[in-house]
Amino acid sequence: IALHSNIGKKKTFCFKERIKDINPNCVVDTYDIFYSEENKDIPFARHIDYVIDCCDSLESKKILITECFRRNIPIISSMGTGNKFHPELFKIDRLKKTEYDPLAKKLRYLLKDNKSLLETMVVYSREIPQEYKGKIGSISYVPSVAGLLITSYVINKFLEGKIEKSSYFIWLIHIFMVISLMFEPRIQTALKRLETRNCTLRASELFKRRKYESSN
């Protein structure tokens, strides 16, 4: 989403513009805020089926995870991707089981007083971060893989029927588009060519097939 053409523009505006360009019928709510204790209720003004946390701030992560737990909303959180070069070392697991991830270690400490919060699902890397003069940076292909793993995890939770299906297929396709377009240009191109109805039918067929396989 970071291009020369949108330097100086708000991320919220750029993401909304990109999503609407892919699917003009997609409803996109944006909140141009720094998530904190003071405004923690704002994103929950509308119904939420699933939360994907990509906050950089540890305090924001702590508040968001706590709020989701209190409201019984499933959440998956992305841990650190900075100063790492091996996306094949990413893993999805519970926060309490993470290792070699400095951000996850700090988050575990912040949430240690509530053991239930340590059960939060996260994407983290087992790679030890490289040190470079105390600076933190990221290379394009590493965060993108973390995003695709999160996308896969959430969509499969819907397909497995483990998430309440309020507006099931609409939310499924919207989540797929919102998360995928952030990370993979080829997926952006593919989504632009697909009609929402066709996506829904394909998702429906996959859901039925998995349901049939699990019953046998």
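Residues numbered from 1 in each chain as written. Predicted model: local features only at pLDDT ≥ 70, side-chain atom pairs only at ≥ 80, totals over all residues. Heavy atoms only, no water.

Draft legend 1. Structural view of the nonpolar core. Residues Leu 64, Cys 68, Met 79, Leu 95 and Leu 111 are the most contacted members of the largest nonpolar core, which totals 18 residues. Secondary structure elements with two or more residues in this core: helix 2 (58-71), helix 3 (102-110) and strand 4 (121-125). At four residues, the largest contribution of residues to this core is made by helix 2. If sequence neighbours within four positions are ignored, Leu 95 has contacts with Met 79, Ala 104, Leu 107, Arg 108, Leu 111, Leu 117, Leu 118, Thr 120 and Val 122. (Core = buried A, V, L, I, M, F, W, Y, C linked by side-chain atoms within 4.5 Å. Buried < 20%, exposed > 50% of the residue type's maximum accessible area, 1.4 Å probe, protein only. Helix = DSSP H or I, 4+ residues; strand = E, 2+ residues; numbered from the N terminus. Contact = heavy atoms within 4.5 Å.)

Draft legend 2. Seen up close, the pattern of salt bridges. The final tally for this structure, using the stated rule, is 13 salt bridges. As a salt-bridge pair, Lys 40 and Glu 37 come within 2.6 Å of each other at their nearest N and O atoms. Since its relative accessible area comes to 43%, Glu 37 is described here as partly exposed. Salt bridges sharing partners connect three or more residues here, namely Glu 37, Lys 40, Asp 41, Glu 67, Arg 70 and Arg 71. (Salt bridge = Lys/Arg side-chain N within 4 Å of Asp/Glu carboxyl O.)

Draft legend 3. Broad picture of helix 1 (residues 11-22). For helix 1, which comprises 12 residues, the first-to-last C-alpha distance of 17 Å matches the rise-based estimate of 16 Å (1.5 Å per residue) to within 8%. Among the residues of helix 1, those classed as buried are Cys 14, Ile 19 and Ile 22. With its buried residues spanning 130° around the axis, helix 1 presents them on a single face. (Expected span 1.5 Å × (residues − 1). Arc of directions from axis to C-beta.)

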